[in-house]
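Examining the three-dimensional arrangement
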Amino acid sequence: MTMIKKHLTKTLLATTLMLGFAAQAAVIKSMRFWQSPESTRVVFDLTSPVEHELTVLTNPDRIVVDIPESRVSVDLSQLDIKSDLVKRVRQSKPPKEGVLRLVLDLNKAAEPKSFALKPYQEYGDRLVIDLVDEKREVIKPPESATGAERDIVIAVDAGHGGEDPGAMGPSGTREKDIVLQLSKELVNAINRVNGLKAIMVREGDYYIPHRKRTDIARKHRADLFVSVHADGFKSPRARGASVWVLNLYGAKSEVARWMKLQEEKSELLGGVDSTVVLSEYDNSVRSVLLDLQMESSIAESFKVGREVHSAMKRVAPKMHKNYVEENSLLVLKNPDIPSILVESGFISNPGEERLLKTTAYRRKLAGAVKNGIVDYFKQHAPDGTKFATLYRKNIYHVKRGDNLINVAKRFNTSVSEIKKANKMTSDTVRIGQKLVIPRS
Ligand SMILES: [Zn+2]
């Protein structure tokens, strides 16, 4: 009796588990290959998200992909493999039951990097494996490769330069010189902040075309692009500093330009954290992606712009407008990097020219722009940055058995601090409630 019961239980258990597998099992419906000059991207199209494990083997070079609770429905011998690196894909003996083991046989050694992509447009869940040809030189993102928290990078672009002097002040001051000095002050101020790193786009008295300026920022994986200028106007009375972001008209035309560009070469769009590989999508999807990216870039530009504007207002004798202004300036057309343009004042106004010529005022103004940038990134620190660790609010989901006292204890804070951070009036919490945990 006992024996039978045991057996029955086992069978029932096994059946339940099997059903569990059946309900959750992911199916690899197709595999796609994208070849770039230095890498191959392998995309597994899935019916649901999967976990996976990669193992790199040599002699011969191959990559083993273990995916639990899944199976493959595509004929692996019929794959259209467009790759310099991948010779073939085959299924191999699983390490244990229920695990799908795929082997990518390679022509030469490659460094794999993998990540999951959520359903988007016509695509479902995907597992992406990027194979980077080790022989070819690839620009690696700074620091983040080691897993260490990175600095937020700000590209400071001093306008004009060389043959292009920019605006001219009544006493002969040239915009290109003033903005170069101001930019250096800004870079110094930013570099004194822990977690921020500023780079100069133009370092001396030479001209850089607008597109090249943003290319330099992109090469440094900048999180923010700040172009520094000083206004000129025919009337010496015009005065006031201002902050500009790209307007929607400029954005639309830039999306069209990028679309054309993407057809010629497969380029990456996005910074360290949000890389979108446009070549993976067809034209209609690309255009939507670009639109979205541009929209979010402009939205972020506005947020930085507002912080910088209000910080500058505290030190500038006058702001030209009481809000962030919009224009279709070429230098702001960056679908992947939030960008602002700071007009430090009217160099054509004798009073503002005099101010901008002094180190003290430039330092004050640079300090204000830096403060605005810091205020923005404290609220919007990208993932994986020191700033995120320093300033991002922790969100805790209340679980069964929690009360404010044990949550406070766990995060090394107090009940009153938690209540303050969450604007709570009572001490009761409910399961699933999101609590902002203040930094101690
Ligand atoms: Zn200018």
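Up top is the structure these notes are about.
Quick summary incoming for the structure in this document. Note that the structure is predicted; figures quoted are calculated from it, not measured.

The rules we used
- Residues numbered from 1 in each chain as written.
- Predicted model: local features only at pLDDT ≥ 70, side-chain atom pairs only at ≥ 80, totals over all residues.
- Heavy atoms only, no water.
- Helix = DSSP H or I, 4+ residues; strand = E, 2+ residues; numbered from the N terminus.
- Buried < 20%, exposed > 50% of the residue type's maximum accessible area, 1.4 Å probe, protein only.
- Contact = heavy atoms within 4.5 Å.
- Donors = N, O, S within 2.8 Å, 3.2 Å for Na, K, Ca; no water.
- Phe/Tyr/Trp six-rings, centres within 6.5 Å; stacked < 30°, edge-to-face > 60°.
- Pairing = 2+ DSSP bridges.
- Axes fitted to C-alpha atoms, helices over the stretch in contact; angles between N-to-C directions.
- Parallel < 35°, antiparallel > 145°, perpendicular 65-115°, else oblique.
- Left-handed = near helix turned anticlockwise from the far one by under 90°.
- Nonpolar A, V, L, I, M, F, W, Y, C, P; charged D, E, K, R; others polar.
- Core = buried A, V, L, I, M, F, W, Y, C linked by side-chain atoms within 4.5 Å.
- Arc of directions from axis to C-beta.

Helix and strand content of the chain: 10 helices and 19 strands. Here the chain holds 440 residues, and the buried ones make up 46% of them. Within the chain, contacts between residues at least 6 apart in sequence are counted, and of these 69% link residues at least 24 apart.

The subject of this paragraph is the coordination of the zinc ion. Expected angles at a metal are 109.5 degrees for tetrahedral coordination by four donors and either 90 or 180 degrees for octahedral coordination by six donors. Coordination of the zinc ion by the protein is provided by H160 (NE2), E175 (OE) and H229 (ND1), with metal-donor distances spanning 2.0 to 2.1 Å. Its relative accessible area of 3% is what places E175 among the buried residues.

Taken as a whole and judged by the stated rule, the model has two aromatic pairs. Relative to F377, the ring of Y376 lies with its centre 4.8 Å away and its plane at 70 degrees, an arrangement referred to as edge-to-face. Taken as a pair, Y376 and F377 share a single burial class, namely buried.

So, about the sheet that holds strand 4 (residues 62-68). The sheet built from four strands is open, its strands ordered 3-4-7-6 with antiparallel pairing. Of all the strands in the sheet, just strand 3 (53-57) and strand 6 (86-92) have a single pairing partner and so form its edges. Between one strand and the next, the sheet's axes are offset by a mean angle of 20 degrees, whatever the strand orientation. The sheet contact formed by strand 4 and strand 7 (residues 99-106) spans seven bridges and is antiparallel.

Take T413: it is sitting in the loop between helix 9 (404-410) and helix 10 (415-421). Judged by its relative accessible area of 18%, T413 is buried. Once you skip the residues sitting within four places of it in the chain, T413 turns out to touch A408, I418, I437 and P438.

Let us look at the environment of F387. On the secondary structure map, F387 appears in helix 8 (residues 386-391). Non-local contacts of F387, meaning those with residues more than four positions away in its chain, are made with I152, V193, N194, G195, L196, V374, F377, K378, A381 and R392.

This brings us to the sheet that holds strand 12 (residues 224-231). The six strands lie next to each other as 11-10-12-17-13-16, forming an open sheet whose pairing is mixed. A single partner strand is all that each edge strand has here, and the edge strands are strand 11 (196-200) and strand 16 (325-327). Adjacent strand axes in the sheet meet at a mean angle of 30 degrees when their direction is disregarded.

Here the focus is the packing of helix 2 (residues 175-191) against helix 7 (residues 359-379). Their axes nearest at 8 Å, the elements helix 2 and helix 7 cross at an angle of 50 degrees. When the interaxial angle is binned, helix 2 and helix 7 end up oblique. Of the two elements, helix 2 crosses helix 7, and the hand of that crossing is right-handed. Where helix 2 abuts helix 7, its residues I178, Q181, L182, E185, L186, A189 and I190 lie against T359, R362, R363, L365, A366, V369, K370 and I373. Residues of the contact of helix 2 with helix 7, tallied by class, amount to nine nonpolar, two polar and four charged.

Right, let's talk about the nonpolar core for a bit. Ranked by size, the top nonpolar core spans 53 residues in total, and within it I154, V226, V308, M312 and I373 carry the most contacts. It is helix 7 that contributes the most residues to this core, nine residues altogether. With sequence-adjacent residues up to four places away left out, I154 is seen in contact with I190, L196, K197, A198, I199, L224, V226, I373 and F377. V50, I63, L79 and L100 belong to the second-largest nonpolar core, a separate cluster that totals 25 residues.

So, on to the pairing of strand 6. When strand 6 meets strand 7, the two strands line up antiparallel, connected through six bridges. The residue bridging R90 from the neighbouring strand is V103, located in strand 7. Linking strand 6 to strand 7, which pair antiparallel, is a turn of six residues; within it G98 sits at a positive phi near 90 degrees.

Here we come to the environment of P382. Relative to the assigned elements, P382 resides in the loop between helix 7 and helix 8. Considering only alpha carbons, one finds P382 and R150, 232 residues apart in sequence, at a separation of 9.7 Å.

Now for unusual backbone geometry. Following N59, the chain continues to P60 via a peptide bond in cis, the omega torsion being -5 degrees. Here P60 is to be found in the loop between strand 3 and strand 4.

Here the focus is helix 3 (residues 210-219). Looking at helix 3, one finds that the buried residues are R213, T214, I216 and A217. Down the axis of helix 3, the buried side of the element spans an arc of 150 degrees, and every buried residue falls inside it. Directly after helix 3, the chain includes R221, whose backbone phi takes a positive value near 55 degrees.

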